[in-house]
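So you can see what is in the structure, the chains are spelled out below.
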Amino acid sequence: MKKLLALAIVALMAGGAMAQPGMGLFFSNSDFTSGQTNVNTVGAPFFAYIVILGVESGVSPDIGGYEVGLQFSDTVFILSVTGPNGWTNFGSNTNHLCGYQSAVIPVDGAAVLCTLNMLYSGAGLVEVTFGPATPPSIPGHDGPVLAGFANPDNLIACGLTSGPTVPGVVATFNGGGIIATEATTWTQLKNLFD
């Protein structure tokens, strides 16, 4: 059994070289760190950014579109949503089925996909989760999707910037934010067998 598990882990780590991009929500359009995954609301509008990280692993490298479903654990008003390069949303403010008139070019593996102007008048904790759009372009995939620009049929299943530790949650209001999971090391894998 340990040999089978070891082989599965080696295959998973080998596949890590082709890690899927991660999509998240940040409260900065240039700082995509854990510290930017929480905002303390004061009853005034604020901006949030849907960002893709790690796109060098799949899209060619230009982005032609994306899709994601947004959910909030309390009532949040999305006042407007805009995006770069002729951004068009064929869905809604919480169900993004988006395309671009010209390609979005990632810089250092990251790109801002859109800007949300939001309002939350409460002071309580709100969790923001990402899931698939409706309808999903990749049936059975429970997360966001990217599309290539030159070949829109080049669909890339995305993970989340928060990793699997907090299923679906990518940001908080009035909370602690999200700490992205760290890459698994060989030492951590070896410890599974001790």
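Procedures and definitions
Think of each chain on its own: its residues are numbered from 1, step by step along the sequence as written. Only residues with pLDDT of 70 or above have their local features reported here, since the model is predicted, and side-chain atom pairs are shown and tallied only from 80 upward, although totals for entire chains, interfaces and linings are computed over all residues. For the side-chain quantities, the full set of heavy atoms in the structure was used; hydrogens and water were omitted. Only strands that DSSP links by at least two bridges are regarded as paired with each other. Each helix is a run of DSSP H or I of at least 4 residues and each strand a run of E of at least 2, with the numbering of both proceeding from the N terminus. Residue burial is assigned from relative accessible area. The probe radius is 1.4 Å, only protein chains are included, and a residue is buried under 20% of its type maximum, exposed over 50%, and partly exposed in between. Ring pairs are drawn from Phe, Tyr and Trp, using the six-membered ring of Trp, whenever the two centres fall within 6.5 Å, and their geometry is named by plane angle: stacked under 30 degrees, edge-to-face over 60, tilted for the rest.

Participant: Would you mind going over the sheet that holds strand β5 (residues 77-82) in detail, with residue names and values included?
Facilitator: On the basis of which strands lie adjacent, the open sheet formed by five strands has the order β5-β8-β3-β1-β12 and mixed pairing. Across the chains shown, the open sheet's two edge strands, defined by having one partner strand only, are β5 and β12 (159-160).

Participant: I'd love a proper account of the pairing of strand β9 (residues 126-131), names of residues and values included.
Facilitator: The element β9 is largely enclosed, with a buried count of five among its six residues. In the sheet, strand β4 (residues 63-72) pairs with β9 via four bridges, with the strands oriented antiparallel. When the bridges of β9 are listed, Gly 69 appears paired with Gly 131. Inspection of the sheet shows β9 paired to strand β13 (residues 169-173) by four bridges, in the antiparallel sense. Pairing of Thr 129 across the sheet is with Val 169, part of β13.

Participant: Please set out the packing of aromatic side chains residue by residue, giving values where relevant.
Facilitator: For the structure shown, the criterion picks out seven aromatic pairs. Taking the centre distance of 6.0 Å and the plane angle of 65° together, the rings of Phe 27 and Phe 173 count as edge-to-face. Residue Phe 27 is found in the loop between β1 (22-26) and β2 (38-39), and its partner Phe 173 is found in strand β13; the two are separated by 146 residues along the sequence. Within the aromatic cluster, the residues linked to one another by ring pairs are Phe 27, Phe 46, Phe 72, Tyr 120 and Phe 173.

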